[in-house]
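Structural characterization, general
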Amino acid sequence: MLENIPHALILESCRGFGIQEVKEVCTQILGKEHEKKIKKNIHPDVYFVCKKEKNSVGINEIRFLIRDCFLNSYESGKKIYIIKNSDKMTFQAQNALLKILEEPPENVYFILLCENHRNLLPTIISRLCFLDKENFDIKSKDIIDEKSLKSESEILDFVKAVSGNDDYEIIKILNKFSKNREILKKFLISLKIKIISSELSCDEKLINICEKINYVIKLIDRNVNLSLALCLIV
């Protein structure tokens, strides 16, 4: 059973999610009493957003979603928007969606269905929670809640070191996390989220660092030697 359900979820087909599983998630959000209508695709508070005759979900579909989500629900007191093929959204559509994900209306939920979340903008991913099919548990395998981050001071030190061109300090900070592949990955993702979600995102040096971090995270997933991977960031 889902508890403390976040406003934005991402479900990947490669993790075993299909339409049936999506309906189960919707039932857990709205309540068991809404299950029959959800299964029959006739629930007035569950909306599917999908590409029309185009190859991707465009900005017009997202603009409609944004306008509609501020209207009152019909039955459940909540509203759910399911975006199919979300990894095929246009760049403009993703940027428009980002604004509503940053400050979602109360009792409105967004479920993004995709084949590969890496095709989404990092800023979109940073505001989504991944769902694990087993017991429908919320997971943070690919993202981490910045509020619970224990390495906040290291992130600030890292940003300071980048701004000051202090390669030695950068390596020193990264080495603190280099003994554990998962911890290092979480730190790098948290660092990236910190940069792209603040005024720091305009700093050219930090933008370049974010691009390097994306590449290093891929190397970590491929079990490349951590020390060699970290050398690419400096």
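Structure first, text after, so check above.
Below is a short write-up of the structure. (Residues numbered from 1 in each chain as written. Predicted model: local features only at pLDDT ≥ 70, side-chain atom pairs only at ≥ 80, totals over all residues. Heavy atoms only, no water.)

1. Structural notes on the nonpolar core
Among the nonpolar cores identified, the biggest contains 28 residues, and F158, L174, F187, L188, L191 and I233 are the most heavily contacted of them. Listing elements by their share of this core, those giving two or more residues are α6 (152-163), α7 (167-175), α8 (181-196), α9 (204-221) and α10 (226-231). The leading source of residues in this core is α9, at eight residues. Contact partners of L188, with chain neighbours within four places excluded, come to L174, I213, V216, I217, I220 and I233. Membership of the second largest hydrophobic core comes to 27 residues, among which are I83, L97, L112 and L120. (Core = buried A, V, L, I, M, F, W, Y, C linked by side-chain atoms within 4.5 Å. Buried < 20%, exposed > 50% of the residue type's maximum accessible area, 1.4 Å probe, protein only. Helix = DSSP H or I, 4+ residues; strand = E, 2+ residues; numbered from the N terminus. Contact = heavy atoms within 4.5 Å.)

2. What about the pairing of strand β4 (residues 108-114)?
Counted residue by residue, β4 has seven buried out of seven residues, so it is predominantly covered. Judged by which residues are buried, β4 turns out to be covered on both faces: V108, F110, L112 and C114 on one side and Y109, I111 and L113 on the other are all buried. Note that strand β1 (residues 8-12) and β4 share five bridges and pair parallel. In the strand pairing of β4, L9 is matched with I111. In terms of strand pairing, strand β3 (residues 79-83) meets β4 through five bridges, oriented parallel. (Pairing = 2+ DSSP bridges.)

3. A word on the packing of aromatic side chains
Each aromatic ring pair is described using two quantities: the centre-to-centre distance and the angle formed by the ring planes. Applying the stated criterion across every chain yields a total of two aromatic pairs. When the ring of Y81 is compared with that of F110, the centres are 6.0 Å apart and the planes differ by 25°; the resulting orientation is stacked. Taken together, the residues Y81 in strand β3 and F110 in strand β4 connect sequence positions 29 residues apart. F110 sits in the buried class, given a relative accessible area of 1%. A connected cluster of aromatic rings, assembled from ring pairs, spans Y47, Y81 and F110. (Phe/Tyr/Trp six-rings, centres within 6.5 Å; stacked < 30°, edge-to-face > 60°.)

4. Some words on the pairing of β3
Of all five residues that make up β3, five are buried, and the element is covered over most of its length. Residues of β3 alternate between two faces, with K79, Y81 and I83 on one and I80 and I82 on the opposite face, all of them buried. Across four bridges, the pairing between strand β2 (residues 46-49) and β3 is parallel. Its bridge partner being in β3, Y47 is matched across the sheet by Y81. For the handedness criterion, the β-α-β arrangement of β3, helix α4 (residues 91-102) and β4 is classed as right-handed. (Right-handed = clockwise from strand over helix to strand, strands pointing away.)

5. Quick look at the pattern of salt bridges
In this structure the tally under the stated criterion is five salt bridges. Taking the shortest distance from any N to any O, the salt bridge between E35 and K39 comes out at 3.2 Å. Note that E35 and K39 are positioned in helix α2 (residues 35-39) at a spacing of four residues, about one turn of the helix. On the basis of relative accessible area, E35 is assigned to the buried category, the value being 18%. The exposure class assigned to K39 is partly exposed, which follows from its relative accessible area of 45%. For E75, the salt bridge goes to K37, with nearest N and O atoms at 2.7 Å. (Salt bridge = Lys/Arg side-chain N within 4 Å of Asp/Glu carboxyl O.)

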